[in-house]
There are 2 protein chains.
Amino acid sequence: MEVITTRALKERLAELQGQEVCLQGWIRNHRKQKNMGFIDFYDGTCFKNPQVVYDSGIEDFAAVSALHVGAAITVRGRVVPSYKDPTTPEVQASAIVLEGDCPEDYPLQPKRHSVEFLREIAYLRPRTRLFQAVFRIRSVASMAIHTYFQDRGYLYVHTPLITANDAEGAGNTFTVTTLPPEKQGKEPDFFGKPTSLAVTGQLEAETFAMAFSKVYTFGPTFRAENSNTKTHAAEFWMIEPEVAFCDIHQLMDIEEEFLKFIVQTVLEKCPDELAFLDKFTGGGLLDKLQQLLATPKAARVTHEEAITILREVKDRFQFEPRYGEDTAKEHEKYLTEEYFHGPVFVYNWPRDIKAFYMYQNDDGKTVAAVDLLVPGAGELMGGSQRETRYDLLVKRMDELHISREAMSWYVNLRRFGGCTHSGFGMGFERLLIYLTGVDNIRDVIPYARTPMNCEF
Amino acid sequence: MEVITTRALKERLAELQGQEVCLQGWIRNHRKQKNMGFIDFYDGTCFKNPQVVYDSGIEDFAAVSALHVGAAITVRGRVVPSYKDPTTPEVQASAIVLEGDCPEDYPLQPKRHSVEFLREIAYLRPRTRLFQAVFRIRSVASMAIHTYFQDRGYLYVHTPLITANDAEGAGNTFTVTTLPPEKQGKEPDFFGKPTSLAVTGQLEAETFAMAFSKVYTFGPTFRAENSNTKTHAAEFWMIEPEVAFCDIHQLMDIEEEFLKFIVQTVLEKCPDELAFLDKFTGGGLLDKLQQLLATPKAARVTHEEAITILREVKDRFQFEPRYGEDTAKEHEKYLTEEYFHGPVFVYNWPRDIKAFYMYQNDDGKTVAAVDLLVPGAGELMGGSQRETRYDLLVKRMDELHISREAMSWYVNLRRFGGCTHSGFGMGFERLLIYLTGVDNIRDVIPYARTPMNCEF
């Protein structure tokens, strides 16, 4: 008999009623009565798990009754109508074979565990319902991202992780070396020069956008920031599309369509996971996602307009909103959750707080940068129209002491058939916080890397 | 007028005949005659590029005639029948606007450049026909991989890149640190312990396979091997599926179906790119790929059988094939290209040359490892059934001086509901060498990282 997955069982439930099936997976919970037993069975392919029922007529009833939580088993039996809930498959087992036992000191006993405890056993937590939901959504959202871009002709480009650039001009990078400490800086290293882990793939993505028009990256990036917050990890995944012949307003159109496509896909493919997370995180998640799709067009305000809105609020903020300065988390929260009740694009940011490669607006003060703020996760995407005018770009680089020589390939893009182009970056874990309602980055990434923490 | 891509133009060519269109992209070649001109135009979305024709009736004929190779332009014009080839779109331009100029010293003049020269200008080479073909196939193959797994219920898992494990027991890793040399080993580093870049995500993927049954990774991996060959890079992308309740023979079924799916997809989606590469690489590429699909089932031989086949060949090999030892590249080449004329699985390898986590066969000499060898690229996939018996696993780890304590989470997978499971790894660039016929890894990856080379 062919083994079927619990996903196939659920999808073909009507057709399989009364049929013999074979399942392989694990015991999440096992309730025993005198002459029968109930096994919460899962194989991880489907969030809606079947119940396996057996009675004393099963082969070796005593051994089956003794099966431990966590054990791997093969189940043969007949699909029967569920008296619990018609959408939950039920299997009346004729035989249950132990594939791999699990001792009674197994840490994942069927009770509620704290997320903090589960982080300590991160290699087991994917077996829990919470992480089955989160990591399935992670996978489905990844695929939605690829599908969005590939269906629209974008080229997926793998930008390098080890780099000799310091793209953002920031110092918070991890050094990569093969030399022992005493030889570093004295002997030639593996690449013949100092190297670090990339904080972005944008600049290399731009080189591909100038050849393929529409490209995107989706890969890991690294920040050696020594901050222990809920939203910072040293290693995280990022998506960075870059589009030729595209200005900042067209970029906002793409960002919005892209986000809605992901949300739509996850709502369609993970309804059970989202229903669970909606409850788990206290409600409001599904409403938030559905409301996004119902919004014809997200609000768009300039940074100046946003500050004006914020300055009208009295006695509220710890940090005073100021023209020409960055916004704080509390400001972003107010704008999305209280003022606009949904996502908002804030564009035309003060030049001095933004990166060198952004298009300098005619006002001499702002750049064509845009942040997309969303309820619950704050800044979800950050993008800009790129500075394509050679003279203005190198002048800005000089001002910021960024080497023209080291970056000659990048500035040359402006000499060799340059064109108006724009791109944005989205932190994938930030997206997952938005999609799942789970508020700690450590709980949306398989094995989080944070200061003083590199387990598994 | 809405801008359309050259891909849309090609796909809707019949419908668009006689219509006005607007295109944005670049000049690959510009041939001028007294009263007319021809522009080889591309925007990178389609390998089959349209020809743009103009005559002296165009707005500002003198300026248009003076346009340089490499310049970015906007073209407005009417789609007309091509007198060159009916599948090549042709546009009779009514206006051509310069978006970004390109000087006459532009390195990519329309002539044949060596791949070595193009590596030096790797940021421009995506604009050439060769690299438009290679990188489009890279993107399409990436998507085929995701599609294969997602359609079959696999979970995509992002395993960590920064690790404190030394999974293969090999020493060739890059150190990751935030400390200056004089403090390394003396003060606590960012993660509080020595860390390096991962050479595999397999072990972490196994933890997810024990929760989701079927999982895969697709991400970068790193080897600090100081070897300057055509097939080694320090940073490359790898795909590592891991499947619960799967033995080595089922694994081979998956590997073969997976490879055929990718080849089929690339043949369908990139016919023009493959036709170009077939010519560029001297012929035989398309035949090889089509022959793979025509083969009902790839050959499967044990390592012992393979050695017997090889030992029957006289006066041929530099290295003598030996039972109990690894095979050399020349042996693999003979098996795939001359003996089997196609892919071949070689399984049950000598235990002593394989990794600690592989299932130990009853013969006491071999493990249930399998390599998939293919014509033109050698070993394409390496996999195994995993050792699931706790005692045998830890005994093998002890023999190889791999710390049980450091890897307790991994060995615990055998205590907590373990089951027969198997997985394989495929180097993505190795796949691309197979798919494109391009034989140097430096030419199938956007920005190659090799010893003494970390440009862009």
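Up top is the structure.
Here is a short report on the structure shown in this document. All of these numbers come straight from a predicted model, not from anything done at the bench. (Residues numbered from 1 in each chain as written. Chains lettered and ligands numbered in written order. Predicted model: local features only at pLDDT ≥ 70, side-chain atom pairs only at ≥ 80, totals over all residues. Heavy atoms only, no water.)

**So, the overall build of chain A**
Now for step 1: From N to C terminus, chain A includes 14 helices and 16 strands.
Now for step 2: Considered along the principal axes of its C-alpha atoms, chain A spans approximately 85 × 60 × 45 Å.
Now for step 3: By residue count, 61% of the 456 residues in chain A fall in the buried class.
Now for step 4: In chain A, once contacts between residues fewer than 6 apart in sequence are set aside, the share between residues at least 24 apart is 67%.
Now for step 5: Of the accessible surface of chain A, which amounts to about 17900 Å², a share of 48% is contributed by carbon and sulfur atoms.
Now for step 6: Taking the average place of the 51 positive charges on the side chains of chain A and the average place of its 64 negative ones, the gap between the two points comes to 2 Å. (Helix = DSSP H or I, 4+ residues; strand = E, 2+ residues; numbered from the N terminus. Buried < 20%, exposed > 50% of the residue type's maximum accessible area, 1.4 Å probe, protein only. Contact = heavy atoms within 4.5 Å. Areas by Shrake-Rupley, 256 points an atom, 1.4 Å probe, with all protein chains shown as cover. Lys, Arg positive; Asp, Glu negative; His and termini not counted. Charge placed at Lys NZ, Arg CZ, Asp CG, Glu CD.)

**Concerning the environment of Lys297 of chain B**
All names here are of chain B.
Now for step 1: Looking at the secondary structure, you find Lys297 in the loop between helix 9 (285-294) and strand 12 (299-302).
Now for step 2: Look at Lys297 and you get exposed, because its relative accessible area is 52%.
Now for step 3: In the structure, Lys297 is positioned 211 residues away from Pro86 in sequence and 39 Å away in space, judged by C-alpha atoms.

**So, the sheet that holds strand 3 (residues 51-55) of chain A**
Residues and elements named next belong to chain A.
Now for step 1: Taken together, five strands build a closed barrel; the order of strands is 1-2-3-5-4 and the barrel is mixed. Here the average twist between neighbouring strands, direction ignored, is 55°.
Now for step 2: The pairing of strand 1 (residues 20-32) with strand 4 (residues 72-80) spans seven bridges and is antiparallel. Counted as the bridge partner of Cys22 is Arg76 from strand 4. (Pairing = 2+ DSSP bridges. Axes fitted to C-alpha atoms, helices over the stretch in contact; angles between N-to-C directions.)

**A few points about the interface of chain B and chain A**
Interface size is often expressed as the accessible area that is lost when the parts come together.
Now for step 1: Across the contact, 104 residues belong to chain B and 104 residues belong to chain A.
Now for step 2: Of the roughly 8300 Å² buried at the junction of chain B and chain A (both faces included), carbon and sulfur atoms supply 65%.
Now for step 3: Sorting the residues of chain B by area buried against chain A places His158, Phe190 and Phe416 of chain B first, and these three jointly supply 9% of that buried surface.
Now for step 4: Linking chain B to chain A there are four salt bridges.
Now for step 5: Two residues, Glu455 of chain A and Lys193 of chain B, come together in a salt bridge whose shortest N-O distance is 2.8 Å.
Now for step 6: Applying the counting rule to chain B against chain A returns 34 residue pairs in polar contact (both at pLDDT 80 or more).
Now for step 7: Within the side of chain B that touches chain A, the residues separate by chemical class into 54 nonpolar, 34 polar and 16 charged.
Now for step 8: Note that strand 8 (residues 175-177) of chain A and strand 8 (residues 175-177) of chain B share three bridges and pair antiparallel. Among the inter-strand pairings, Val176 of chain A is bridged to a residue of strand 8 of chain B, identified as Val176 of chain B. (Buried area = accessible area lost by both parts, 1.4 Å probe. Salt bridge = Lys/Arg side-chain N within 4 Å of Asp/Glu carboxyl O. Polar contact = N/O pair within 3.5 Å; in protein donor to acceptor, adjacent residues only side chain to side chain. Nonpolar A, V, L, I, M, F, W, Y, C, P; charged D, E, K, R; others polar.)

**Side note on the relation of the copies chain B and chain A**
Now for step 1: The transform that puts chain B on chain A rotates by 180° and translates by 0.0 Å along the axis, for an RMSD of 0.0 Å. Such a turn and shift between the copies fits a two-fold axis.
Now for step 2: In this assembly, 100% of the residues forming the interface of chain B have copies in chain A that are likewise at the interface, indicating an isologous arrangement. (Least-squares fit on C-alpha atoms with pLDDT ≥ 70 in both.)

**As for the packing of aromatic side chains**
Now for step 1: Inspection of every chain in the model, using the stated rule, returns 64 aromatic pairs over all chains.
Now for step 2: Pairing Phe276 of chain A with Phe280 of chain A gives two aromatic rings, centres 5.9 Å apart and planes at 20°, and the pair type is stacked. Remark: Phe280 of chain A and Phe276 of chain A occur in helix 8 (residues 271-280); sequence separation between them is four residues, near one turn of the helix.
Now for step 3: The class for Phe280 of chain A is partly exposed, based on a relative accessible area of 29%.
Now for step 4: Consider the rings of Phe218 of chain B and Phe428 of chain B, whose centres lie 5.1 Å apart with planes at 65°: the pair is edge-to-face. In this pair, Phe218 of chain B sits in strand 10 (residues 214-222) while Phe428 of chain B sits in helix 14 (residues 428-436), placing the two residues 210 residues apart along the sequence.
Now for step 5: Looking at Phe428 of chain B, the relative accessible area reads 0%, which means it is buried.
Now for step 6: An aromatic cluster of three or more residues is present, and its members are Tyr123, Phe131, Phe135, Tyr447 and Phe456 of chain A together with Phe208, Phe212, Phe356, Tyr357, Trp409 and Tyr410 of chain B.
Now for step 7: Sitting above the plane of the Trp349 of chain A ring, Lys354 of chain A keeps its charged end 4.4 Å from the centroid.
Now for step 8: Its end group placed over the ring of Tyr410 of chain B, Arg414 of chain B keeps NZ or CZ at 4.4 Å from the ring centre. (Phe/Tyr/Trp six-rings, centres within 6.5 Å; stacked < 30°, edge-to-face > 60°. Lys NZ or Arg CZ within 6 Å of the ring centre and 35° of its normal.)

**Overview of the pairing of strand 16 (residues 421-427) of chain B**
Residues and elements named next belong to chain B.
Now for step 1: Across the seven residues that make up strand 16, a large majority, seven, are buried.
Now for step 2: Residues of strand 16 alternate between two faces, with His421, Gly423, Gly425 and Gly427 on one and Ser422, Phe424 and Met426 on the opposite face, all of them buried.
Now for step 3: Both strand 15 (residues 378-385) and strand 16 contribute to a ladder of five bridges, which runs antiparallel. Looking at the pairing, Gly382 lines up with Gly425 of strand 16.

**Considerations on the sheet that holds strand 8 of chain B**
Now for step 1: Spatial strand order, 7(A)-9(A)-8(A)-8(B)-9(B)-7(B): six strands in an open sheet with antiparallel pairing. A strand with exactly one partner marks an edge of an open sheet, and here the two such strands are strand 7 (162-163) of chain A together with strand 7 (162-163) of chain B.
Now for step 2: Note: strand 8 of chain B against strand 9 (residues 195-197) of chain B, two bridges, orientation antiparallel. Among the inter-strand pairings, Val176 of chain B is bridged to a residue of strand 9 of chain B, identified as Thr195 of chain B.

**A word on helix 12 (residues 390-399) of chain B**
Residues and elements named next belong to chain B.
Now for step 1: Taken residue by residue, helix 12 has Leu393, Val394, Arg396 and Met397 as its buried positions. Mapping the buried residues of helix 12 onto a view down its axis gives an arc of 160°, with all of them on the same face.
Now for step 2: His401 sits one or two residues past helix 12 and shows a positive phi near 55°. (Arc of directions from axis to C-beta.)

**As for the side chain of Ser384 of chain B**
All names here are of chain B.
Now for step 1: Among the structural elements, Ser384 can be located in strand 15.
Now for step 2: A relative accessible area of 0% means that Ser384 is categorised as buried.
Now for step 3: There is a polar contact of 2.8 Å between the side chain of Ser384 and the side chain of Arg386.
Now for step 4: In this structure Ser384 touches Leu251, Tyr357, Met358, Ala368, Ala369, Val370, His421, Ser422 and Gly423, once residues within four positions along its chain are discounted.

**What about the packing of helix 9 of chain B against helix 14 of chain B?**
All names here are of chain B.
Now for step 1: Packing of helix 9 against helix 14 leaves a shortest axis separation of 8 Å and a crossing angle of 110°. The orientation of helix 9 with respect to helix 14, classified from their angle, is roughly perpendicular. Here Leu285, Lys288, Leu289 and Leu292 of helix 9 lie close against helix 14, whose contacting residues are Tyr434, Leu435 and Thr436.
Now for step 2: Class assignment of the residues belonging to the contact of helix 9 with helix 14 gives a composition of five nonpolar, one polar and one charged. (Parallel < 35°, antiparallel > 145°, perpendicular 65-115°, else oblique.)

**Quick notes on the pattern of salt bridges**
Now for step 1: Enumeration over the complete set of coordinates arrives at 58 salt bridges over all chains.
Now for step 2: Here Arg322 of chain A ties to Glu325 of chain A by a salt bridge, and the two come within 3.8 Å at their closest N and O atoms.
Now for step 3: Residue classification places Arg322 of chain A among the partly exposed positions, given a relative accessible area of 39%.
Now for step 4: The shortest N-O distance in the salt bridge between Glu429 of chain B and Arg138 of chain B comes to 2.9 Å. On the criterion of sequence distance, the pair formed by Glu429 of chain B in helix 14 and Arg138 of chain B in helix 5 (residues 129-151) is long-range, its members being 291 residues apart.

**Looking at the pairing of strand 4 (residues 72-80) of chain B**
Residue and element names in this part refer to chain B.
Now for step 1: Burial within strand 4 is extensive, with seven of its nine residues counted as buried.
Now for step 2: For strand 4 and strand 5 (residues 90-100), the ladder comprises nine bridges, and the chain directions are antiparallel. Looking at the pairing, Ala72 lines up with Gly100 of strand 5.

**Looking at the environment of Ala198 of chain B**
Residues and elements named next belong to chain B.
Now for step 1: Inspection of the secondary structure puts Ala198 in the loop between strand 9 and helix 6 (202-212).
Now for step 2: Residue Ala198 is classed as buried on the basis of its relative accessible area, which comes to 5%.
Now for step 3: For the pair Ala198 and Pro188, spaced ten residues apart in sequence, the C-alpha separation works out to 21 Å.

These values are about where atoms sit, not about what they do.
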